[in-house]
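Chain by chain, the residues:
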Amino acid sequence: MKLFELVKEIDCEIKGSADIEVQAVEFDSRRVFDGCLFFCIAGLSTDGHKFAPDAVKSGAKALVVTRWLELDVTQVLVKDDRAAMALISAAFYGHPSRKLRMIGVTGTNGKTSTTYFLKKIFEKEGSKVGLIGTIQNMIGDEVLHTERTTPESAELQQLLAQMLNKGVDTVVMEVSSHSLALKRVYGIEFDGAIFTNLTQDHLDFHGDFEHYAAAKKILFENSKCAAFNSDDEYSEYMREGCKGQTVTFGVNSGDIRARDIALSTSGSRFVLGGVRLPMFVNIPGMFSVYNALGTVALCSELGVDMLNVKQGLESVSSIPGRFEALDTRGEPFSVVLDYAHTPDSLEGALKAAREFSKGRVVCVFGCGGNRDNTKRPIMGEISGKLADFSIVTSDNPRFEEPEEIISQILAGMDKVNGNHITIENRRDAIKYALEHAQTDDVILLAGKGHEDYQEICGIKHEFDEKKIVEELLDELGIKTK
């Protein structure tokens, strides 16, 4: 594709020839080859302009820059590098989002579960669905590797084109606050969107809660219709930005409401208000009711038959790392794996465990390093209040000292005199929980969920808690009964 065709929709100045053929678009200089257009992105930790010489040596025929460089190559000068990358990448891949039904889900918690629900519902409707999210990307049943919740715009447009080429007609995707702030989905108009909730997270990146909320709001400013959790205090703030049709959902308020809620170990039942349609979700907990309601609300706006909605919801047996019950080989206690890594999600998981626990609720958790540290004492206080016993351990310490992270968690734990011990090594912490499990205990492994690694000093070590529980049961001599 010619360079001049790629930049038709952006405000730019070109130095050099625009009548050159672009073979690929790339923002990582290590992946550049002959014929590439290279984006010099000013990143969070480094400036892509300094890699421009390497890109040119590797064959880049043109550069997208925010300042002129002393290089003998065509340069496209733009004011907003990330917006330009999104629009140029979309043009290079033939604007795939314009040919797909695009559905976005944002919020602090519930994004993954909601996208899985939506995928099943649209498949019941007869669509071929692509999924983009935290756990994995999917094209129908084909699983693709994923590095981040929402890919960079150039990668995202390539993925959308790949989905389109494989017959996908609907894409459901988690849209993170990072991706909105960093314009990874810039230029995409969503056919539908859902706001799940908003609680404290990612303040290390956004700076304060107001900027975090403002980033989330961007999705609804670019959606044709949207569903909002009206039980969340930020619902109206999010809703005022939506230019299309809106609908609300909730338990205490909303256009679409759940009645006669019954929560058990097997799942969550409720009756859809108004139409009196019974619904069942295989995942326990009130949070599952809210996630299901969000899908119902959006699907009602999109004209999806409620029978397909009901059948789709009920066909989701489990979601990896989302309140996922692990096999304890017939032992008289339960182990539940959950990605809860924010105050609100930890509270929701502990309350869900409490709803069906006949014995103690034991919480094994830590907090990630090099992330929002203000939530650490809050999560300590929550576990101290809601768990009968807490085992405070390490999560992904990254480049922080685990002891320091744990000490900040304990500040909240001690505030409520929570019953706890600290075991820094996470595997040892899980082993302790299993060794000391009592009849009818529910052991909640919180924080890592679907992750199969633990990041320490920048290195990702294999750490799959499903496998670890299996190994520990073997070590403890617990055989399948």
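Preceding this section is the structure that the text describes.
Residues numbered from 1 in each chain as written. Predicted model: local features only at pLDDT ≥ 70, side-chain atom pairs only at ≥ 80, totals over all residues. Heavy atoms only, no water.

Engineer: So what exactly am I meant to see when it comes to the environment of Asp 208 here?
Structural biologist: You can see Asp 208 is positioned in the loop between helix 7 (203-206) and helix 8 (209-220). Residue class for Asp 208 comes out partly exposed when judged on its relative accessible area of 28%. For Asp 208 and Arg 67, which are 141 residues apart along the polypeptide, the C-alpha to C-alpha distance reads 30 Å. (Helix = DSSP H or I, 4+ residues; strand = E, 2+ residues; numbered from the N terminus. Buried < 20%, exposed > 50% of the residue type's maximum accessible area, 1.4 Å probe, protein only.)

Engineer: How do you make sense of the pattern of salt bridges when you look at a structure like this?
Structural biologist: Pairs can form between side chains of opposite charge once their charged atoms are near each other. Counted by the stated rule, this structure contains 36 salt bridges. Measuring nitrogen to oxygen at the nearest pair gives 3.0 Å for the salt bridge that ties Glu 142 to Lys 166. Separated by 24 residues along the polypeptide, Glu 142 in strand 9 (residues 142-144) and Lys 166 in the loop between helix 5 (153-165) and strand 10 (170-174) bring together distant segments of the chain. On the basis of relative accessible area, Glu 142 is assigned to the partly exposed category, the value being 34%. Put simply, Glu 381 and Lys 415 hold a salt bridge, and the shortest N to O gap is 3.7 Å. Of this pair, Glu 381 sits in helix 13 (residues 375-386) while Lys 415 is found in helix 14 (residues 402-415), placing the two residues 34 residues apart along the sequence. Looking at Glu 381, the relative accessible area reads 19%, which means it is buried. Taking relative accessible area as the criterion, Lys 415 reaches 61% and is therefore assigned exposed. Through salt bridges with shared partners, a single ionic network connects Glu 26, Asp 28, Arg 30, Arg 31 and Glu 155. (Salt bridge = Lys/Arg side-chain N within 4 Å of Asp/Glu carboxyl O.)

Engineer: How should I be thinking about the pairing of strand 15 (residues 267-272) in this particular structure?
Structural biologist: Where a strand is regular, its side chains alternate between the two sheet faces. Here strand 15 lies mainly inside the structure; 5 of its 6 residues are buried. Strand direction decides the pairing type here: strand 14 (residues 256-264) and strand 15, joined by 5 bridges, are antiparallel. Among the inter-strand pairings, Ser 264 is bridged to a residue of strand 15, identified as Gly 267. Hairpin connection from strand 14 to strand 15: 2 residues lie between these consecutive antiparallel strands. In this sheet, strand 16 (residues 277-281) lies alongside strand 15 in antiparallel orientation, the contact comprising 5 bridges. (Pairing = 2+ DSSP bridges.)

Engineer: Mind showing me how you'd approach the sheet that holds strand 9 here?
Structural biologist: Strands pair in a sheet through their backbones, by hydrogen bonds, and they do so in one of two ways: parallel or antiparallel. The 11 strands lie next to each other as 9-8-7-10-6-11-12-13-14-15-16, forming an open sheet whose pairing is mixed. Pairing within the sheet leaves two strands with one partner each, and these edge strands are strand 9 and strand 16. Direction aside, neighbouring strands of the sheet carry axes that sit 20° apart on average. Where strand 11 (residues 192-195) and strand 12 (residues 225-229) come together, 3 bridges link them in parallel fashion. Directly across from Ala 193, in strand 12, lies its bridge partner Ala 226. Sheet contacts for helix 4 (residues 111-124): strand 6 (101-106), strand 7 (129-132), strand 8 (137-139), strand 10, strand 11 and strand 16; angle to strand 10, the most-contacted strand, approximately 170°. The strands touched by helix 11 (residues 306-314) are strand 15 and strand 16; relative to strand 16, the strand with the most contacts, the crossing angle is about 25°. (Axes fitted to C-alpha atoms, helices over the stretch in contact; angles between N-to-C directions. Contact = heavy atoms within 4.5 Å.)

Engineer: Any chance you could explain the nonpolar core here in plain terms?
Structural biologist: The nonpolar side chains of soluble globular proteins are, as a tendency, buried together. With 63 residues, the main nonpolar core has Phe 270, Leu 293, Phe 323, Leu 346, Phe 365 and Leu 444 as its most contacted residues. When residues of this core are assigned to their parent elements, the largest contribution, 8 residues, is made by helix 10 (residues 286-302). With residues up to four places along the chain from it excluded, the contact list for Phe 365 reads Leu 346, Met 379, Gly 380, Ser 383, Ser 390, Ile 391, Val 392, Thr 393, Ile 409, Met 413, Arg 426 and Ala 446. Judged by nonpolar contacts, the second largest core, of 29 residues, contains Leu 144, Ala 193, Ala 213 and Cys 242. (Core = buried A, V, L, I, M, F, W, Y, C linked by side-chain atoms within 4.5 Å.)

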